[in-house]
Amino acid sequence: MSVYQQLGVEPIINASGMVTRLGGAFMPPEVLQAFERASRETVPLEQLQAAASKRIAAATDADAGLVTSGAAAALTLGTAAILSRLDPGRMERLPNSSGMANEFLIAREQRSGYDHAVRAAGAVLVEVGFNEMVAGAGVRRTEAWEYEAAITPQTAGIVYVQTADSRPSLREVVAVAHEHDLPVLVDAAGEVPPRSGLTEPTAAGADLTAYSGGKGIRGPQTTGILCGRRDLIASAALQMLDMDDHPELWDPPSEWIDRSRLPGPPRHGIGRGFKVSKEEIVALLTALDLFTSGAYDKQLDACRGRLAAISVGLTDAGMNCHTVEPAASDQWPVLEVEVDAARRGKSAMEVCRQLREGKPPVYVGHAGLPAGLLVINPVCLTDESVDVLIERLIDVIGS
Ligand SMILES: *Cc1c(COP(=O)(O)O)cnc(C)c1O
């Protein structure tokens, strides 16, 4: 019996991919072994995080890095770092940011539930641009001049959400920001793979970039990465680490946190609740190594094979589906399955619900439901689950 069944929870077939709601990526055996080995010895966390910083810097081309408890935590810590820099008085006051430049510009079209993570540190979001395409009122996206026009003495920085379709480009936004000496904090949580996603924001001039550790990197679900400028990473680290040490004894690795720039050690900061364990740090670094070395590419053929089998099974049963090819060679394709509501007598939404409610529960990608599409993502499927998945799809769509 599975550990989940022992708890009375039924394991599902995950055809949605590495989504947080469903527990994220499967960790490779190497990652789990590293986690277990890390649990057998003890190290000071600031030394471990300083070592992690070097590995993250090498993987991202940034100056420094920090293992966080997820991309959302990285956004909160990055915001806190931009607001307080190396001023322990400010660190102490957050999320009360009154008296500081505390406004972060964000394109209206880039706002989402994740911007809560930025506001949580005390930032006030100031929207720029419009969302005319979604409003059906125009063809224009946010433009770089709109950021520039919104800058005031109260502006602390710019938040930018990186996707393949983000406009204006990060480079253009960075040019405006740096002209005014403002840092840019980038949310690139799910932008890996491709592997190039790990270096592109920094190459484009981002001052801080946030990634999820438990999506494409396949580390623990509870990890993330913040990478970027050394002074800002030091500030973020100071606001996350446990700071209960004697000032006379506190000795953080100097290449990572330059003590001489601080009047004294700050106390626990706004990120103290986002702690990351030594096991999680080691596991994440192991996953990062696997990811950057291209080890996951070996599984792409298996992903394609699973989708091909599903496609044949569904087509034989009279259904329409087609493969959507990825943009980069180190990403996987997905399969879109059409639900013709008129012919089937039920909508894609209803099919999705019945798939979740049956046995075993099946969770498909739901972004295409309004267009009548179920999206099958192969990356969290197992070979054993493919036949059952085909059966359940035929059963629910066809019945
Ligand atoms: C997943 C995601 C996050 C949150 O990442 P966690 O690692 O789960 O905290 C933030 N922003 C975007 C765009 C994401 O896709």
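What counts, and where the lines are drawn
- Residues numbered from 1 in each chain as written.
- Predicted model: local features only at pLDDT ≥ 70, side-chain atom pairs only at ≥ 80, totals over all residues.
- Heavy atoms only, no water.
- Helix = DSSP H or I, 4+ residues; strand = E, 2+ residues; numbered from the N terminus.
- Rg over C-alpha atoms; globule rule 2.2 N^0.38 Å.
- Buried < 20%, exposed > 50% of the residue type's maximum accessible area, 1.4 Å probe, protein only.
- Areas by Shrake-Rupley, 256 points an atom, 1.4 Å probe, with all protein chains shown as cover.
- Lys, Arg positive; Asp, Glu negative; His and termini not counted.
- Charge placed at Lys NZ, Arg CZ, Asp CG, Glu CD.
- Arc of directions from axis to C-beta.
- Pairing = 2+ DSSP bridges.
- Axes fitted to C-alpha atoms, helices over the stretch in contact; angles between N-to-C directions.
- Contact = heavy atoms within 4.5 Å.
- Patch = residues over 30% accessible without salt bridge, like charges linked within 9 Å, V, L, I, M, F, W, Y side chains within 5 Å.
- Salt bridge = Lys/Arg side-chain N within 4 Å of Asp/Glu carboxyl O.
- Near = heavy atom within 4 Å.
- Polar contact = N/O pair within 3.5 Å; in protein donor to acceptor, adjacent residues only side chain to side chain.
- Nonpolar A, V, L, I, M, F, W, Y, C, P; charged D, E, K, R; others polar.
- Core = buried A, V, L, I, M, F, W, Y, C linked by side-chain atoms within 4.5 Å.

**With respect to the overall build of the protein chain**
Here is step 1: The helix and strand inventory of the protein chain stands at 16 helices and 12 strands.
Here is step 2: The globule rule puts the C-alpha radius of gyration for 399 residues at 21 Å, and the 23 Å found for the protein chain is close to it.
Here is step 3: By principal-axis analysis of the C-alpha atoms, the protein chain measures approximately 70 × 60 × 35 Å.
Here is step 4: Counting across all 399 residues of the protein chain, residues that qualify as buried make up 52%.
Here is step 5: Carbon and sulfur atoms form 52% of the exposed surface of the protein chain, whose accessible area is close to 18,400 Å².
Here is step 6: Looking at charge distribution, the protein chain has the averaged site of its 36 positive side-chain charges lying 2 Å from that of its 51 negative ones.

**Considerations on helix α9 (residues 170-179)**
Side chains three or four residues apart in an α-helix point the same way, a direct result of the helix having 3.6 residues per turn.
Here is step 1: Buried within α9 we find Leu170, Val173, Val174, Val176 and Ala177. Relative to the axis of α9, the buried residues are bounded by an arc of 165 degrees and lie together on one face. Set apart from the buried face of α9 by more than 90 degrees, the exposed residues are Arg171 and Glu179.
Here is step 2: Directly beyond the C-terminal end of α9, a positive phi value near 60 degrees is found at Asp181.

**Let's talk about the sheet that holds strand β6 (residues 184-187)**
Here is step 1: With respect to topology, 7 strands assemble into an open sheet ordered β2-β8-β7-β6-β5-β3-β4, the strand pairing being mixed. Each edge of the sheet is formed by a strand with only one pairing partner; in this case those strands are β2 (64-68) and β4 (124-128). Strand-to-strand twist of the sheet, defined as the mean angle between neighbouring strand axes without regard to direction, takes the value 25 degrees.
Here is step 2: Bridging between β6 and strand β7 (residues 208-212) involves 3 bridges; their strand directions are parallel. By the bridge assignment for β7, Leu185 is matched with Leu208.
Here is step 3: Sheet strands in contact with helix α3 (residues 45-60) are β2 and β8 (224-228), and its direction is about 115 degrees off that of β2.
Here is step 4: On the sheet, helix α4 (residues 71-84) packs against β2, β3 (103-107), β5 (155-161), β6, β7 and β8 and is oriented at approximately 165 degrees with respect to β7.

**Considerations on a nonpolar patch on the surface**
Here is step 1: A grouping of Val3, Tyr4, Leu7 and Val9 is seen on the molecular surface, where their side chains present a nonpolar patch of about 450 Å² in accessible area.
Here is step 2: With respect to the helices, strands and loops of the structure, Val3 is situated in helix α1 (residues 3-6).
Here is step 3: By relative accessible area, Val3 is classed as exposed at 56%.

**A closer look at the site of the ligand**
Here is step 1: Near the ligand, the surroundings consist of Thr20, Gly70, Ala71, Ala72, Tyr114, Asp187, Ala189, Ser212 and Lys215.
Here is step 2: In this structure, an oxygen atom belonging to the ligand sits 3.4 Å away from a side-chain N or O atom of Thr20.
Here is step 3: Note that an oxygen atom of the ligand is positioned 2.8 Å from one of the side-chain N or O atoms of Lys215.
Here is step 4: Of the residues in the shell around the ligand, the class split is 4 nonpolar, 3 polar and 2 charged.

**A look at the nonpolar core**
Here is step 1: Tyr147, Ile217 and Ile257 are the most contacted members of the largest nonpolar core, which totals 84 residues.
Here is step 2: In terms of residue count, the dominant contributor to this core is helix α12 (residues 278-293) (8 residues).
Here is step 3: Setting aside its immediate chain neighbours within four residues, Ile257 contacts Ala234, Ala237, Leu238, Leu241, Trp250, Pro252 and Leu262.
Here is step 4: With 26 residues, the next largest nonpolar core counts Cys321, Val364, Leu369 and Leu381 among its residues.

**Brief notes about the environment of Asn377**
Here is step 1: Here Asn377 is to be found in the loop between β12 (373-376) and α16 (383-398).
Here is step 2: Aside from chain neighbours lying at most four places away, what touches Asn377 is Asn14, Ala15, Ser16, Gly17, Trp332 and Val334.
Here is step 3: Within polar-contact distance, the side chain of Asn377 engages the side chain of Trp332 at 3.2 Å.

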